[in-house]
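Each chain, letter by letter, is given below.
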Amino acid sequence: EAVMPLVGALAAFEALSLLRQIFFGGRRARRLLRPLDEMARATRALLERQQTFESAAMLDDERLHNLEDRIKSLRPEETLRTGDRDLRGLEEAVNSLLARLHESYQRQGQFVSDASHELRTPIAVIQGYAGMLDRWGKSDEKILDEGIAAIKSESEYMKKLVDQLLFLARGDMGRSRLDFKIVDVSELVKEVYEDAQLIDRNHDWRIEIEPGVTAMADRDMLKQCARILCDNATKYTPAGGMIRLRTRATPEGGASIEVQDSGIGISRADVSRVFDRFYRSDPARGRSSGGAGLGLSIARWIVDSHGGHFEVLSREGIGTRFTVVLPPPKNTQPVIRKHDFRVNA
């Protein structure tokens, strides 16, 4: 009986020891296994996220494939509409691009058509006179002289036309290289005026120069632009009419070149189109005067490439004034941009 209390005490102690090992051993095990548990949870989260990304990627791929198929099926006059709010920005960008491409194709087609039309007439004239010379020119001196003169005239016209077409084509393709330097615009316009007086004595040429006007420009190109404006003025100004050249500095520190005539003028409806290729406000006079309707288009390209713009003022029966406005030298960016000209009709 004396041993029984001792046995009970030992049994209780063993039970307490076992409970302590179970309780504290479990906590220790959990503490040791905690990093592995956290890694397992992170792995499960990554797997769930990957599945979500894969599902979204499959959805995006499907949407993009549908968008691609829709673009391929578009007709030239259609716009892209998917009804997908998430793709609305992309739709607008694609529609803008398609509109510009469509406009470019239309302009290119019209350009080729107009060029073919312009070349058809001189070719027909040359063929006609060549046939006439073949039949009668060998024995008739008058027909021989007439045929040779006509062929020479039409050949010169074709050469000028082809040169202008090549100039515009190189400009459109970005192959024209301009040499920008500080140019004395006043001196340049004075040279153009002196040349015009020598070539054309049928008009009253005048000049008003503000000295010291400068611009950042390609001198040869700018001079060609001024000559084109002078040539245009002589075509549409009757003999004895006045043509005036003027240079001045702009309030912003740039330069302006004015060519004003007292010719037939331009109608309000035609003013906005005079820079279009092959466009003539007076078709009957244009071909007879040797013009193909490309001069002002070339002048516009030159002014655009200098970062400038045109201002046009015209009254029918009174005359026309073309003004080239060039930016200050420090602000000039020698890149071609969309043309801007201001009309006062």
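Our subject is the structure that appears above.
The sections below set out a description of the structure shown in this document. In this text the structure is predicted, and so the values were computed from the model without any measurement.

Overview of the nonpolar core
Next, step 1: The biggest cluster of nonpolar side chains holds 47 residues, and the ones touching the most others in it are V185, L245, F310, F322 and V324.
Next, step 2: At eight residues, helix α5 (residues 219-235) tops the list of elements feeding residues into this core.

With respect to the packing of aromatic side chains
Next, step 1: Taken as a whole and judged by the stated rule, the model has four aromatic pairs.
Next, step 2: Consider the rings of F167 and W301, whose centres lie 5.4 Å apart with planes at 80°: the pair is edge-to-face. Residue F167 is found in helix α3 (residues 141-172), and its partner W301 is found in helix α8 (residues 295-305); the two are separated by 134 residues along the sequence. Here F167 matches W301 in class, with each residue buried.
Next, step 3: Measuring from ring centre to ring centre gives 4.7 Å for F275 and F310, while their planes differ by 40°; the resulting arrangement is tilted. On the criterion of sequence distance, the pair formed by F275 in the loop between α6 (268-271) and α7 (283-288) and F310 in strand β6 (residues 309-315) is long-range, its members being 35 residues apart.
Next, step 4: Looking at F310, the relative accessible area reads 0%, which means it is buried.
Next, step 5: These aromatic residues form a ring-pair network of at least three members: F275, F310 and F322.

A look at the pairing of β6
Next, step 1: As paired strands, β6 and strand β7 (residues 319-326) are joined by seven bridges and run antiparallel to one another. Within the sheet, the bridge partner assigned to E311 lies in β7 and is T323.
Next, step 2: Between β6 and β7, which pair antiparallel in sequence order, lie three residues; one of them, G317, sits at a positive phi of approximately 80°.

Reading the values: the criteria
- Residues numbered from 1 in each chain as written.
- Predicted model: local features only at pLDDT ≥ 70, side-chain atom pairs only at ≥ 80, totals over all residues.
- Heavy atoms only, no water.
- Core = buried A, V, L, I, M, F, W, Y, C linked by side-chain atoms within 4.5 Å.
- Buried < 20%, exposed > 50% of the residue type's maximum accessible area, 1.4 Å probe, protein only.
- Helix = DSSP H or I, 4+ residues; strand = E, 2+ residues; numbered from the N terminus.
- Phe/Tyr/Trp six-rings, centres within 6.5 Å; stacked < 30°, edge-to-face > 60°.
- Pairing = 2+ DSSP bridges.

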